[in-house]
Amino acid sequence: MPQNEHKRLAAEKAMDYLEDGMIVGVGTGSTVAWFIDALGREPGRIKGAVSSSEQSTQRLKSHGIEVLDLNYAGTLSLYVDGADECDPHKRLIKGGGAALTREKIIAQASRQFVCIIDASKQVPVLGKFPLPVEVIPMARSLVAREILTLTGGQPVWRDGVTTDNGNLILDVHNLTITDPVAMETALNQIPGVVTVGLFARRPADVVIVGGDTIQVL
Ligand code: 5RP
């Protein structure tokens, strides 16, 4: 079965976590696109969605789903999002789609974070996927130097990409993240860093892994 089909299966399983009339937090990426399409098949089931990106907002609206401001929605019961890597403790690397800041805000605002991945995203230790860090443009080189000193990893500017918040992305290569909470905390302290794509302080609560069979962790 192709990887895209595994993503679709994980996304459709996440529909089990939906309750009628709820406001759902919606992440970004190709796996989440399947989830949005599944939401679109049941119009009226949810009150609306809080979106983590312009990309997801457009897709939600194309299905007639109302997109709400998080400041209005308050605490959310459910957030559904994908990931680039997931370790056995449900800690994640996210931001491959450059939407990490809004994703982290919504994850923090949600009581339950259901992460939908295909089996290729499961790793024993985070870091093989380059760690995305969103930075304020004027601090790009400073942050890159600090990250190199602090972690030994190689920051690479994701050329040509501007986030929905008007910022830049550094992808940090060659990391072996044995203590994700400590690394997330340390990188968060660098002036100019907006968001680190480590979701360790607030990991997923449930991980749905799509493969030839579905696993719920
Ligand atoms: C976007 C993300 C995505 O969840 C992550 O990149 C996974 O994407 P996909 O579902 O396309 O594999 O963090 O910022």
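Reading the values: rules and limits
- Residues numbered from 1 in each chain as written.
- Predicted model: local features only at pLDDT ≥ 70, side-chain atom pairs only at ≥ 80, totals over all residues.
- Heavy atoms only, no water.
- UniProt positions renumbered as here; feature names shortened; annotations may be inferred.
- 1 Å grid on protein atoms, 1.4 Å probe; cavity = no way out; pocket = protein on both sides within 12 Å on 5 of 7 lines; lining within 4 Å.
- Points joined across faces, edges and corners; volume = space filled by probe spheres on them.
- Nonpolar A, V, L, I, M, F, W, Y, C, P; charged D, E, K, R; others polar.
- Core = buried A, V, L, I, M, F, W, Y, C linked by side-chain atoms within 4.5 Å.
- Buried < 20%, exposed > 50% of the residue type's maximum accessible area, 1.4 Å probe, protein only.
- Helix = DSSP H or I, 4+ residues; strand = E, 2+ residues; numbered from the N terminus.

As recorded in an unreviewed UniProt entry, the protein chain goes by the name Ribose-5-phosphate isomerase A, listed as coming from Pseudoxanthomonas spadix. Turning to the protein chain, the UniProt annotation filed under Function (unreviewed entry) states: "Catalyzes the reversible conversion of ribose-5-phosphate to ribulose 5-phosphate." As stated in UniProt under Catalytic activity (unreviewed entry), the record for the protein chain gives "aldehydo-D-ribose 5-phosphate = D-ribulose 5-phosphate".

Peer 1: So what's going on with the layout of surface pockets? Residues and values would help.
Peer 2: Taken as a whole, the largest pocket holds about 190 Å³ of empty space. What lines the largest pocket is a set of 18 residues, among which Thr28, Gly29, Ala83, Asp84 and Gly97 lie closest to the centre. Here the residues of the lining of the largest pocket sort into four nonpolar, eight polar and six charged.

Peer 1: I'd like a rundown of the nonpolar core, residues and numbers included.
Peer 2: In globular proteins that are soluble, nonpolar side chains generally tend to be buried together. Counting residues in each nonpolar core, the largest one holds 23 residues, and the members touching the most others are Leu18, Val24, Val26, Phe35, Leu39, Val114 and Ile116. In terms of residues, this core owes the most to one element, helix H2 (residues 30-40), which gives five residues. Ranked by size, the runner-up nonpolar core spans 21 residues in total, among them Val143, Leu170, Val172 and Leu198.

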